[in-house]
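A structural walkthrough
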Amino acid sequence: HNRHDLHSSVVLIQAEAIIRYVREQGLVAARIDSIYQLYELYTKLHGYDQMFDRATFEMVVLCGNLVVIIDGLDELASQFQDKFDLNTFLESLRSSHAQLGSSQILLTTRNSLVLDANNTTSIQKYELLGFDLNSCEKYLTRRFNQYQNASLLVKKVLNQIGRVQLRDG
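Anyway, here's the lowdown on the structure attached to this text. Remember, it's a predicted structure, so these values are computed and weren't measured experimentally.

Take the sheet that holds strand 3 (residues 104-108) next. Hydrogen bonding along the main chain pairs the strands of a sheet, whether they run parallel or antiparallel. Strand order in this open sheet of 3 strands is 1-2-3, and the pairing throughout is parallel. Every interior strand has two partners, whereas the edge strands, strand 1 (9-14) and strand 3, have only one. Looking at each pair of strands side by side, their axes are set apart by 15° on average, direction ignored. The pairing of strand 2 (residues 66-71) with strand 3 spans 5 bridges and is parallel. Opposite Val67, over in strand 3, you have Gln104 as the bridge partner.

Written as structure tokens, this is what we have:
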């Protein structure tokens, strides 16, 4: 069975949105130590009436039919501190993946030390280059150099980026 033949759905769980939701609603589980608890917060945040029960969710993830992206693992760990047991959370991911080896969970963090400190040798890690204004300008200059008005296009894009307050570093 070729992996490309299967169709998967994607769930993007953004730490920033969950943190904002918890602040506004004052809701948080007693502890967050599994991906399902983050999924519950995600469904509440988006106001979904229907959601998977725990067993169904875990089976769908185990089989690789649901790709889960958790954006901002470090933010969740720092924001919820004693309520978010990172070691237990990561161990539950390792344990889940060990069962069928088909789960697809992507964790993003700005601080890879968070993962390194939690003995994540079995998790594949990829370090991405930073995205500061200087890198952005170099990229844009290369990207638009074929156009007659390249410098104007670069300036417009940089102005747009400035509006969303992209910060260096």
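Attention now moves to the pattern of salt bridges. Evaluated as defined, the whole model comprises 3 salt bridges. A salt bridge links Arg20 to Glu16; its shortest N-O distance comes to 3.8 Å. Linking Arg20 with Glu16, this pair stays in helix 1 (residues 15-25), spanning 4 residues, or about one helical turn. The class of Arg20 is partly exposed, set by a relative accessible area of 42%. Between Arg94 and Glu91 there is a salt bridge; the shortest N-O distance is 3.1 Å.

Among the structural elements, Ser34 can be located in the loop between helix 1 and helix 2 (35-45). Within polar-contact distance, the side chain of Ser34 engages the side chain of Arg54 at 2.8 Å. When residues no more than four places from it in sequence are discounted, the contact partners of Ser34 are Arg54, Phe89 and Ser92.

Every buried residue of helix 1 is listed here: Ala15, Ala17, Ile18, Ile19, Tyr21 and Val22. Elements that come into contact with the buried residues of helix 1 comprise strand 1, helix 2, strand 2 and helix 4 (73-80). Directly after helix 1, the chain includes Gly26, whose backbone phi takes a positive value near 70°.

Enumeration according to the criterion identifies 7 aromatic pairs in this entry. On the numbers, 5.2 Å between centres and 40° between planes, the contact of Phe84 with Phe89 is tilted. Residue class for Phe84 comes out buried when judged on its relative accessible area of 3%. A relative accessible area of 0% means that Phe89 is categorised as buried. Aromatic side chains Phe144 and Tyr147 sit 6.0 Å apart centroid to centroid with 50° between the ring planes, which places their arrangement in the tilted category. When its relative accessible area of 16% is taken as the criterion, Phe144 is described as buried. Judged by its relative accessible area of 37%, Tyr147 is partly exposed. Within the aromatic cluster, the residues linked to one another by ring pairs are Tyr36, Tyr39, Phe52 and Phe57.

A word on the packing of helix 1 against helix 2. Taken N-terminus to C-terminus, the directions of helix 1 and helix 2 make an angle of 70°; their axes are 10 Å apart at the nearest point. With respect to helix 2, the element helix 1 is oriented roughly perpendicular. With respect to the hand of their crossing, helix 1 and helix 2 are arranged in left-handed fashion. Residues Ala17, Ile18, Tyr21 and Val22 of helix 1 form the contact with helix 2, whose participating residues are Leu38, Leu41, Lys44 and Leu45.

About the thresholds
Residues numbered from 1 in each chain as written. Predicted model: local features only at pLDDT ≥ 70, side-chain atom pairs only at ≥ 80, totals over all residues. Heavy atoms only, no water. Pairing = 2+ DSSP bridges. Helix = DSSP H or I, 4+ residues; strand = E, 2+ residues; numbered from the N terminus. Axes fitted to C-alpha atoms, helices over the stretch in contact; angles between N-to-C directions. Salt bridge = Lys/Arg side-chain N within 4 Å of Asp/Glu carboxyl O. Buried < 20%, exposed > 50% of the residue type's maximum accessible area, 1.4 Å probe, protein only. Polar contact = N/O pair within 3.5 Å; in protein donor to acceptor, adjacent residues only side chain to side chain. Contact = heavy atoms within 4.5 Å. Phe/Tyr/Trp six-rings, centres within 6.5 Å; stacked < 30°, edge-to-face > 60°. Parallel < 35°, antiparallel > 145°, perpendicular 65-115°, else oblique. Left-handed = near helix turned anticlockwise from the far one by under 90°.

Nothing here speaks to function; it is all geometry.
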